[in-house]
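An overview of the molecular structure
What follows is the residue order along each chain.
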Amino acid sequence: MLTQANIESKIRAPRTLLWLSLWAALSSCDSRRDILDDQGVWVRVEVDWRQAGVCPEGTSIYVFDRATGARVAQLLTNEMRDSVTLDSLKVYAGRYSLLAFNETEHSHDDISFRGTASYQTAEAYANAVRLLANNRYARGAPASGATAPLAVTVSASDVLAAAHLDDFEVDYGMIRGRARPKLQLLPKRLSVLVELIAYVQGAHNLYAGEHTGSLSSLAESVFLASEVTGSAPAAYWFTLIQATLDQASDAGTLTATFVTFGAMSTAAGLPDAAADNILSMNFQLADGSWHKVERNVTDLLRRENTPAGGRLRVEMGLGTPDDDLIVLPNVAGSKDGMFEVDVDGWGDNTNVEIPVW
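In this text, all values refer to a predicted model and were calculated from it rather than measured experimentally. (Residues numbered from 1 in each chain as written. Predicted model: local features only at pLDDT ≥ 70, side-chain atom pairs only at ≥ 80, totals over all residues. Heavy atoms only, no water.)

**Some details on the packing of aromatic side chains**
Note the cut-off: Within 6.5 Å between ring centres, the rings of Phe, Tyr and Trp (the latter by its six-membered ring) count as paired, and their orientation is classed by plane angle as stacked under 30 degrees, edge-to-face over 60, tilted in between. The numbering of helices and of strands both runs from the N terminus, where a helix is a DSSP run of H or I of at least 4 residues and a strand a run of E of at least 2. Remark: exposure states derive from per-residue accessible area (1.4 Å probe, protein chains only) relative to the maximum for the residue type, with buried under 20%, exposed over 50%, and partly exposed in between.
One pass over the structure, following the stated rule, counts 5 aromatic pairs. Both rings, one in Tyr62 and one in Phe101, keep their centres 5.6 Å apart while their planes meet at 90°; by these two values the pair is edge-to-face. You can see Tyr62 sitting in strand β2 (residues 59-65) and its partner Phe101 sitting in strand β6 (residues 94-102), a full 39 residues away along the chain. Of the two residues examined, Tyr62 and Phe101, each falls in the buried class. Considering the side-chain rings of Tyr96 and Phe168, the 5.6 Å spacing of their centres and the 35° angle between planes classify their relative orientation as tilted. In this pair, Tyr96 is assigned in strand β6 and Phe168 in strand β12 (residues 161-170), connecting sequence segments 72 residues apart. Taken as a pair, Tyr96 and Phe168 share a single burial class, namely buried. Put simply, the rings of Tyr62, Phe101 and Phe113 pair up and form one aromatic cluster.

Encoded structure:
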């Protein structure tokens, strides 16, 4: 005899079995279990700047999704101890790439950044300057429609150093574990110091003011992940800031140091021999006129490696078969010539800081 209780019992039994089967199926494939476990993990990051020879006021650390290259996290920090950045960033289970560089995108005086939303396109480039009369320049992009070449001037302390990590993985074992993972990075200088020495004859004809110049066919930019220079050339402008004189021979020496991203490179990262480096210098003479010297110095550039990074050096005016003397014209100038021997002719002493490379 079927009673109401028997009927309800027979209905509940299949329903209970149905729920048990459904729960078993879901528990075996429910991705929400991973989501609940993925609370993220704090990864310790150590960026050691000692090899690069810089001690930044801050550090930018960008994290990118390994599969898409898109930026997913960033850390701006100034936590530093003995030239080592020490901080942590929180990431979730996945595979990533990472970039770290000194300062921030907006704190460099003569360097800007583009393409930083993606790992492979993150690029640093030298800021343009306005070309004025007599090879002088001013910060800021040329006016719209101007035909002035892209040119930059970078102070000796405005150096870019960066580190990259192509692939690192955060798994659920790290997230559930007690030990925090750690990343150690060793940035290298992407900036290249250029040292220029110009020897001149008739040095007493120089005016005691600034003398400017430019060196063409240097790299306008560099990619942070590949460390390969960009394809656009730039003429870098500089000021000749030091001078010496051999009074017996009336010979003088002018020097300049400035920072670039190095010589142009091919896709393989090798120097591009097809790009000639033209050195142009404008010397102001004692009578207020200008004397321009322009030469192809491609074969005179000497590439040197230093513990901190690369360096380019060029000497000109040596009087060799491939490097003629630089002879300044005689002018009827005043006693303000740079090398005139006069009690007050030198003015106040000027201290110029030269970086150690």
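**So, the pattern of salt bridges**
To keep things clear, this is the line we draw: Salt bridge, as used here: a side-chain nitrogen of Lys or Arg that lies within 4 Å of a carboxyl oxygen of Asp or Glu.
The final tally for this structure, using the stated rule, is 14 salt bridges. Close ionic contact of Arg71 with Glu105 constitutes a salt bridge, the shortest N to O distance being 3.7 Å. Residue Arg71 is located in strand β3 (residues 71-77), and its partner Glu105 is located in the loop between β6 and β7 (111-114); the two are separated by 34 residues in the primary sequence. Classification of Arg71 as partly exposed rests on a relative accessible area of 31%. Taking relative accessible area as the criterion, Glu105 reaches 16% and is therefore assigned buried. For the salt bridge of Arg295 with Asp323, the shortest nitrogen-to-oxygen distance reads 3.1 Å. Of the two residues, Arg295 sits in strand β22 (residues 290-296) while Asp323 sits in the loop between β24 (309-316) and β25 (326-327), which places them 28 residues apart along the sequence. One continuous salt-bridge network, built from bridges that share partners, spans Glu195, Glu304, Arg311, Arg313 and Glu315.

**Looking at unusual backbone geometry**
Residues other than glycine seldom take positive phi values, yet Glu103 does so here, at roughly 65°. Mapped onto the fold, Glu103 is located in the loop between β6 and β7. A positive phi angle, close to 55°, is found at Asp250, a residue other than glycine. Positionally, Asp250 belongs in the loop between β19 (242-246) and β20 (251-260).

**Brief notes about the sheet that holds β2**
Note the threshold: Here, strands pair whenever DSSP counts at least two bridges between them.
A sheet is described by the order of its strands in space; here 5 strands give the open sequence β3-β2-β6-β12-β14, paired in antiparallel fashion. Here the strands that pair on one side only, and so sit at the sheet edges, are β3 and β14 (188-189). Judged from the 7 bridges that link them, β2 and β6 form a sheet pairing that is antiparallel. Residue pairing in the sheet places Val63 in a bridge with Leu98 of β6.

**Here we look at the confidence of the model for the chain**
Segments scoring low in pLDDT should not have their predicted coordinates read at a detailed level. Heads up, the condition is: Per-residue confidence from the predictor is reported as pLDDT, which spans 0 to 100. Contacts are assigned to residue pairs with any non-hydrogen atoms lying within 4.5 Å of each other.
Here the chain averages 80 in pLDDT, while 71% of its residues score no lower than 70. For the chain, helix α2 (residues 32-37) is the element with the lowest average pLDDT, namely 42, and β2 is the one with the highest, namely 98. In this model residues 7-36 is a low-confidence stretch, pLDDT under 50, and it forms 4 contacts with partners more than four residues away in sequence or in other chains. Long-range and interchain partners of residues 341-352, a stretch whose pLDDT sits below 50, account for 7 contacts in this model, where long-range means more than four residues apart.

**Focus on the pairing of strand β13 (residues 182-185)**
Here β13 shows a buried face lined by Leu183 and Leu185 and an unburied face lined by Lys182 and Gln184. Of the pairings in the sheet, the one linking strand β1 (residues 41-48) to β13 comprises 4 bridges and is parallel in character. Within β13, the position partnered with Glu46 by the bridge is Gln184.

**Thoughts on the nonpolar core**
For clarity, the threshold we go by: Only buried residues count toward a nonpolar core, which is a set of Ala, Val, Leu, Ile, Met, Phe, Trp, Tyr and Cys residues joined through side-chain atoms within 4.5 Å.
Of all hydrophobic cores here, the largest spans 48 residues; its most connected members are Leu160, Phe261, Met281 and Phe283. Counting residues per element, this core draws most heavily on strand β15 (residues 192-201), at 5 residues. With sequence-adjacent residues up to four places away left out, Phe283 is seen in contact with Val200, Leu206, His211, Leu240, Leu254, Ser289, Trp290, His291, Val293, Ile326 and Leu328. Trp49, Val54, Leu89 and Val170 belong to the second-largest nonpolar core, a separate cluster that totals 23 residues.

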